[in-house]
Each structure stands twice: as C-alpha cells, then as structure tokens.
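Fold and geometry: a report
If you want the building blocks of each chain, they are given just below.
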Amino acid sequence: MRIFVCVKCVKLLEAKAVPGITNIAVVKGGGGQLKTINRPDRCALEQALVLKRQLDNVEVIVISFGPSYVREILEICLKMGADKAFHLESEDIQLDAYAVANELSKKIKRETFDLVLCGNTSVDWNGFQMAAILAHLLDVPQITGVIELEVLQSNNIVQASRKLKRGARQVVECNLPAVLAVEREIHTPRYISVHTRVKRFLDESLLEKVGVDCQAISSESLVELVDVGPKRPRTKKTIVPEQNLSFQDKMKFMKSGGVSSKKNNVLKGNVKEISRSVLDFLERENLLK
C-alpha cells in the first residue's frame, strides 16, 4: 500500500522561533523569512506513519511543491519516518490551489497510489480547496474534515469519521484509492529532537527532485496571495465607573466587570390583578393605541 502525503511550506507566524533549535520544522526561506510545515499537513504525515505501523507493506511518500528551501522540509519529513520524498522544485512564487494541485496530481498519477492525505487547509490561504481539486484531477473519491480513519485492506475500503458542527460526528466510507483531508485533531505530530535531526543519516536517493515549467504554471494561477500576517490583537474594554457613585458602589461595579444587575418586576396575585398590572404598564409606556 502506497500513501502519498502532500505537505506545504508556509510562512511562520510565531515571532520567537530559531531554525533548528526552537522548532525543528523551521527553515529559512527567501528573503530571510522563517518557513515551517503547514500544521494540518504535519498531522496528515503523522496519520500516515500511524497507518504504516498498524498495517503491512505500507510505504509513506511525501510530496511538496516549492523553491529550494522546501528540500529541508522534506528532509525533516524523511527523518520523521517517511520512506521517500518528491520535491517539485520551482521558483519562489505564490500560486493558487489549482495550479499547485495540477502539478502534484501529474506526479502522483505517474506513480501507483492507494491513498492521498493532506491537511484540511493551510494557514496562509485557508482555502479548503486542495483535497477537492486533487480528487477531481486524480478522478478518485474524497473525504474532508477527517478526525479519525481506518483502512480495511481486505475490502480495499477506508472508513473515516468527520467532524460536524456542535461536536457531531459523521462516519463515512469509500473505496480506495481516495483523497482524504484531515483536521489537526486527528493526531499530534511527533517531536524530533535536534540531535536526531542533525545526526540521523539521510539517504539522498530517497529525496527525488522533479523539474517543473514555472512559466506554464504561473499562467494557470488566477489568484495571487498578497500577504499573510499575525492575527490582530483585541483591545481590552476599559471599565470606568460613574463619578457620582460611592466608594463601595465603585468597588462593586469594578468587581462585577461593569455589569449592573437587572431589576426584574415579578407580578403577583390572581389573574385579574396580573392582567390589570400588565395593562397599566402598557398604558404608561404608550404602547396601547
């Protein structure tokens, strides 16, 4: 069984990170920017490695599209446990999901595959499109939002549990080969120490470079990524009590977070008395015409 895992190298949004020390999956990209493996893709690779341990005769192949620094990311994937890697080397350009998926599908088609795993989304585009486009180009079924999966080799079927709204779960299955997009919750990526990254021997023949036509690919990309930045900080609401309040009332106001208790009028009595009170209230508020 051959499992392809599509990984993407994205811009690191965390401020404090040192390549090779703070996070072993951090490399220096073009212009000195820090790059790392897309988090959902790392979880997809971890799921592939789990299947490799559970099933017989499983080969995990990592494939990625990007500039020369993507090679370092693929080397990390190999040291995590992948058996082989394909690097579709291109110039340092930003392409949309269709252009990248088209190149990935061409290489995957030339190879025999049973399962293709990828992250449900990426932290830079957040488009949720890669799995759907790959499945269309490969002409195979797809399942998205996967948080748990099981491969039944005897029946050539994959069964997946999907995450729905409000914690609901949906169990679906399809025939292999197939494309699955996994969520972060499916597995926590394993930690590879700096010592393992530096000392573990890496067979260069396991990482194959594939040339691509960048000019032809650029013409296929219709959407351009302008910039990716950290999330905006939320401004904290300042609570200022009224000046005419006493010291005790000011302290109560600050402790309550600025929320004053609502005054509720509970109507008591028989039906006629309550009805009379309601009518009086409506007349006072000029709601009866």
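What counts and how
Residues numbered from 1 in each chain as written. Predicted model: local features only at pLDDT ≥ 70, side-chain atom pairs only at ≥ 80, totals over all residues. Heavy atoms only, no water. Axes fitted to C-alpha atoms, helices over the stretch in contact; angles between N-to-C directions. Helix = DSSP H or I, 4+ residues; strand = E, 2+ residues; numbered from the N terminus. Parallel < 35°, antiparallel > 145°, perpendicular 65-115°, else oblique. Left-handed = near helix turned anticlockwise from the far one by under 90°. Contact = heavy atoms within 4.5 Å. Buried < 20%, exposed > 50% of the residue type's maximum accessible area, 1.4 Å probe, protein only. 1 Å grid on protein atoms, 1.4 Å probe; cavity = no way out; pocket = protein on both sides within 12 Å on 5 of 7 lines; lining within 4 Å. Points joined across faces, edges and corners; volume = space filled by probe spheres on them. Nonpolar A, V, L, I, M, F, W, Y, C, P; charged D, E, K, R; others polar. Expected span 1.5 Å × (residues − 1).

A closer look at the packing of helix 3 (residues 97–110) against helix 4 (residues 130–138)
As a packed pair, helix 3 and helix 4 sit with axes 9 Å apart at the nearest point and diverge in direction by 45 degrees. Here helix 3 lies oblique to helix 4, going by the angle between them. Between helix 3 and helix 4 lies a crossing of right-handed hand. Taking contact as the criterion, the partners of Ala-97, Tyr-98, Val-100, Ala-101, Asn-102, Leu-104, Ser-105, Ile-108 and Lys-109 in helix 3 are, on helix 4, Met-130, Ile-133, Leu-134, Leu-137 and Leu-138.

Describing the environment of Gly-145
When you line up the elements, Gly-145 lands in strand 8 (residues 142–152). Note: C-alpha distance between Gly-145 and Phe-128 (17 residues apart in sequence) is 9.6 Å. The contacts of Gly-145, once residues within four sequence positions are left out, are Asn-120, Ser-161, Arg-162, Lys-163, Ala-181 and Glu-183.

Description of helix 2 (residues 70–80)
Buried residues dominate helix 2, accounting for 8 of its 11 residues. When helix 2 is considered as a whole, its buried residues turn out to be Val-70, Ile-73, Leu-74, Ile-76, Cys-77, Leu-78, Lys-79 and Met-80. Gly-81 occupies a position one or two residues after helix 2 and carries a positive phi of about 140 degrees.

Re the layout of surface pockets
Reported here for the largest pocket is a volume of approximately 830 Å³. Lys-8, Gln-94, Leu-95, Asp-124 and Trp-125 are the residues nearest the centre of the largest pocket, which is lined by 43 residues in total. Among the elements of the structure, strand 2 (9–11), strand 5 (59–66), helix 3 and strand 7 (115–119) are those that each provide at least two residues to the lining of the largest pocket. When the residues that make up the lining of the largest pocket are grouped by side-chain class, the tally is 21 nonpolar, 13 polar and 9 charged.

Here's the deal with helix 3
Three- or four-residue spacings in an α-helix give side chains the same orientation, since the helix completes a turn every 3.6 residues. For helix 3, spanning 14 residues, the distance from its first C-alpha to its last is 20 Å, which sits close to the expected 20 Å at 1.5 Å a residue. Within helix 3, 10 of the 14 residues are buried, leaving the element largely enclosed by the surrounding structure. Those residues of helix 3 lying buried are Ala-97, Ala-99, Val-100, Ala-101, Asn-102, Glu-103, Leu-104, Ser-105, Lys-107 and Ile-108.

Let's talk about unusual backbone geometry
Omega for the bond connecting Leu-176 with Pro-177 falls within 30 degrees of zero, at 0 degrees, which places this linkage in the cis form. Secondary-structure assignment places Pro-177 in the loop between strand 10 (169–175) and strand 11 (178–182). A positive phi angle is found at Asp-139, which is not glycine, with a value near 60 degrees. Mapped onto the fold, Asp-139 is located in the loop between helix 4 and strand 8. With a phi close to 55 degrees, Asn-156 is a non-glycine residue in the positive phi region.

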